[in-house]
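Chains, contacts and geometry: an overview
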Amino acid sequence: MQVAIDISPLESGHSVRGVGFYLRNLKAALEKGFSNISFTFFTQTKNIPNKADLVHFPYFDPFFLTLPWLGSNKKTIVTVHDLTPLIFPESFPIGIKGKIKWMIQRYLLKKVDAIITDSNSSKKDIIKILNFPEEKIFVAYLAAAHHFRVLGKEGLKKIKEKYDLPDNFLLYVGDVTPNKNLPRLIKAVLCTNVPLVMVGKALVNENIDLSNPWNKDLKEVLELAKGKDQIRRLGFVEDEELVGLYNLANAFIMPSLYEGFGLPLLEAMACGCPVITTNNGSIPEVVGDGAYIVDGESINDIEKGIREVIGNKSLAKKLSEKGLIMSKNFSWENTAKETVDVYTKVVSS
């Protein structure tokens, strides 16, 4: 079998985390575990080999023209990680241009041979929003990278000193989109005396247009955090240091209103960091019984969860142990195997 995979996201703004993270880890696992398959990696459709049995586009954005039309002579698979902006249209207004692009992308997506997605939650969304045949949608869970693990105390001192971290703190890692629910998180944290350390490029990016409706929550977060020493915004952090932050934190908190997967949850659990989160979207599939669950729409309940986990060492230890066990159910080897299973089904159909 000869498979061509689009790696153009690795040369764009998606190269660092998110889609870039998915693509780099999937590529490495496919090349390592499936020497019987001939892989071609391309950045332009003109470079797709004529002899390719299958083309895989590992990224889909409903409001950008990310999915080309190859005609009916090539079998095509697309990874649709999630459809968050379409689930919360009031929080992600798209305008006329966005609607036109979505019409085009939706039309092209309905012509593909199969869709791979990150969770059963996302699969249900794709069926509901696209009316795409359920039998052509396949779930391939993501995984934390191998370096997300429990570390000894020796290597953590340097990271703690570099960022001048307190002895006790909560950690948040991720974007500041409306589904992340960060304004409520910060309001809840400010009701406690627990510092919150926040990692994410958007949190310190001065070039972001705060008048854009998609950045409404970011604008509110910056206003809430202004002048508050309790809220620490680190911006982007390299993976090696991020592993250290997960190991140093008393708990990782992500009170999302929706997730298509929620990779930072898995990273935190793999590092033995107790997790506080919600049961929205795909989150129950990722955390199982390895997290403290709060109501993301209740500031009081988020605050209660923080106090419970930070103030109860026995509970925190139990969450850490359960999270570690749960995290072992996910691996890039499994992701690659499930992806190849889809390749095989599509090519043989």
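Heads up: these notes are all about the structure in this document. (Residues numbered from 1 in each chain as written. Predicted model: local features only at pLDDT ≥ 70, side-chain atom pairs only at ≥ 80, totals over all residues. Heavy atoms only, no water.)

What follows covers the overall build of the protein chain. If you tally the helices and strands in the protein chain, you get 13 helices and 12 strands. On C-alpha atoms alone, the protein chain measures out to a radius of gyration of 21 Å, which is about the 20 Å that the 2.2 N^0.38 rule sets for 349 residues. Structurally, the protein chain occupies a C-alpha span of about 60 × 45 × 35 Å along its principal axes. Buried residues in the protein chain amount to 53% of all 349 residues. Relative to all contacts within the protein chain whose residues are 6 or more apart in sequence, the contacts with residues 24 or more apart total 70%. If you sum the accessible surface of the protein chain, you get close to 16,500 Å²; carbon and sulfur atoms cover 50% of it. Across the protein chain, the centroid of the 43 positively charged side chains sits 2 Å from that of the 40 negatively charged ones. (Helix = DSSP H or I, 4+ residues; strand = E, 2+ residues; numbered from the N terminus. Rg over C-alpha atoms; globule rule 2.2 N^0.38 Å. Buried < 20%, exposed > 50% of the residue type's maximum accessible area, 1.4 Å probe, protein only. Contact = heavy atoms within 4.5 Å. Areas by Shrake-Rupley, 256 points an atom, 1.4 Å probe, with all protein chains shown as cover. Lys, Arg positive; Asp, Glu negative; His and termini not counted. Charge placed at Lys NZ, Arg CZ, Asp CG, Glu CD.)

Let us now look at the nonpolar core. Among the nonpolar cores identified, the biggest contains 93 residues, and Leu171, Leu196 and Phe252 are the most heavily contacted of them. In contact with Phe252, not counting residues within four places along its chain, are Leu171, Tyr172, Val173, Tyr246, Pro264, Leu265, Ala268, Cys273, Pro274, Val275 and Ile276. With 22 residues, the next largest nonpolar core counts Ile48, Phe63, Leu86 and Leu130 among its residues. (Core = buried A, V, L, I, M, F, W, Y, C linked by side-chain atoms within 4.5 Å.)

Turning our attention to the sheet that holds strand β12 (residues 292-293). Across a sheet, strands are paired by hydrogen bonds formed along the backbone, either parallel or antiparallel in direction. Reading across the sheet, the 6 strands line up as β9-β8-β7-β10-β11-β12 and stay open at both edges, with parallel pairing between neighbours. The sheet is open, and its two borders are formed by β9 (231-235) and β12, each paired with just one other strand. Here strand β10 (residues 251-254) runs beside strand β11 (residues 275-277); their pairing, made up of 3 bridges, is parallel. Bridged to Met254 within β11 is Thr277. (Pairing = 2+ DSSP bridges.)

With that out of the way, let us pick up the packing of aromatic side chains. Taken as a whole and assessed by the stated rule, the structure comprises 12 aromatic pairs. When the centroid spacing of 6.1 Å and the interplanar angle of 75° are considered together, the rings of Phe63 and Trp214 count as edge-to-face. Placement of Phe63 in the loop between β3 (54-57) and β4 (75-79) and of Trp214 in the loop between β8 (196-199) and α7 (216-225) is noted, with a sequence separation of 151 residues between them. The exposure class of Phe63 is buried, given its relative accessible area of 7%. Among the aromatic residues, ring-to-ring pairing joins Phe21, Tyr22 and Trp332 into one connected group. (Phe/Tyr/Trp six-rings, centres within 6.5 Å; stacked < 30°, edge-to-face > 60°.)

Another aspect to go through is unusual backbone geometry. Positioned with a positive phi, Asp164 is a non-glycine residue whose angle comes to about 50°. Along the polypeptide, Asp164 turns up in the loop between α5 (156-162) and β7 (170-173). We note that Asn181 has phi near 65°; this positive angle belongs to a residue other than glycine. Its relative accessible area of 3% is what places Asn181 among the buried residues.

Let us look at the pattern of salt bridges. Taken as a whole and judged by the stated rule, the model has 10 salt bridges. Its salt-bridge partner being Lys322, residue Asp289 comes within 4.0 Å of it at the nearest N-O pair. Of this pair, Asp289 sits in the loop between α10 (283-287) and β12 while Lys322 sits in helix α12 (residues 313-327), and the two are 33 residues apart along the sequence. With relative accessibility at 53%, the residue Asp289 sits in the exposed group. Lys322 sits in the partly exposed class, given a relative accessible area of 34%. (Salt bridge = Lys/Arg side-chain N within 4 Å of Asp/Glu carboxyl O.)

Another aspect to go through is a nonpolar patch on the surface. Nonpolar side chains collect at one region of the surface, where Leu65, Ile96, Ile100 and Ile104 lie side by side and expose about 410 Å² of accessible area between them. Here Ile96 shows up in helix α3 (residues 95-109). (Patch = residues over 30% accessible without salt bridge, like charges linked within 9 Å, V, L, I, M, F, W, Y side chains within 5 Å.)

The terminal C-alpha atoms of helix α1 (residues 19-33), which comprises 15 residues, lie 21 Å apart, in line with the 21 Å expected from a rise of 1.5 Å per residue. Listed as buried for α1 are Val19, Gly20, Phe21, Tyr22, Leu23, Asn25, Leu26, Ala29 and Leu30. For α1, the secondary structure elements touched by its buried residues are β1 (2-6), β2 (38-42), β3, β4, α9 (263-270) and α13 (332-348). (Expected span 1.5 Å × (residues − 1).)

Attention now moves to α3. An ideal rise of 1.5 Å per residue puts 21 Å on 15 residues; α3 measures up with 21 Å between its terminal C-alpha atoms. Those residues of α3 that sit buried are Gly98, Trp102, Gln105, Leu108 and Leu109. Along the axis of α3, the buried residues cluster in a sector spanning 125°; they form a single face. In α3, the exposed positions angled more than 90 degrees off the buried face are occupied by Ile96, Lys99, Met103 and Tyr107. In this fold, the buried residues of α3 make contact with β4, α2 (84-87), β5 (114-117) and α4 (120-130). (Arc of directions from axis to C-beta.)

Moving on, we get to the packing of α9 against α12. Relative to each other, α9 and α12 sit at 115°, their axes nearing to 7 Å. Taken together, α9 and α12 sit at an angle that is classed as roughly perpendicular. Crossing of α9 over α12 shows left-handed handedness. Residues Leu266, Met269 and Ala270 of α9 lie in contact with α12, whose contacting residues are Gly323, Leu324, Met326 and Ser327. (Axes fitted to C-alpha atoms, helices over the stretch in contact; angles between N-to-C directions. Parallel < 35°, antiparallel > 145°, perpendicular 65-115°, else oblique. Left-handed = near helix turned anticlockwise from the far one by under 90°.)

Interaxial distance between α1 and α13 falls to 9 Å at its minimum, and their mutual angle equals 80°. Between α1 and α13, the angle is such that the two are roughly perpendicular. Contacts between α1 and α13 involve Phe21, Tyr22, Asn25, Leu26, Ala29 and Leu30 from the first element and Trp332, Thr335, Ala336, Thr339, Val340 and Tyr343 from the second. Tallied by class, residues from the contact of α1 with α13 come to 9 nonpolar, 3 polar and no charged. (Nonpolar A, V, L, I, M, F, W, Y, C, P; charged D, E, K, R; others polar.)

Shape descriptors only; they carry no functional weight alone.
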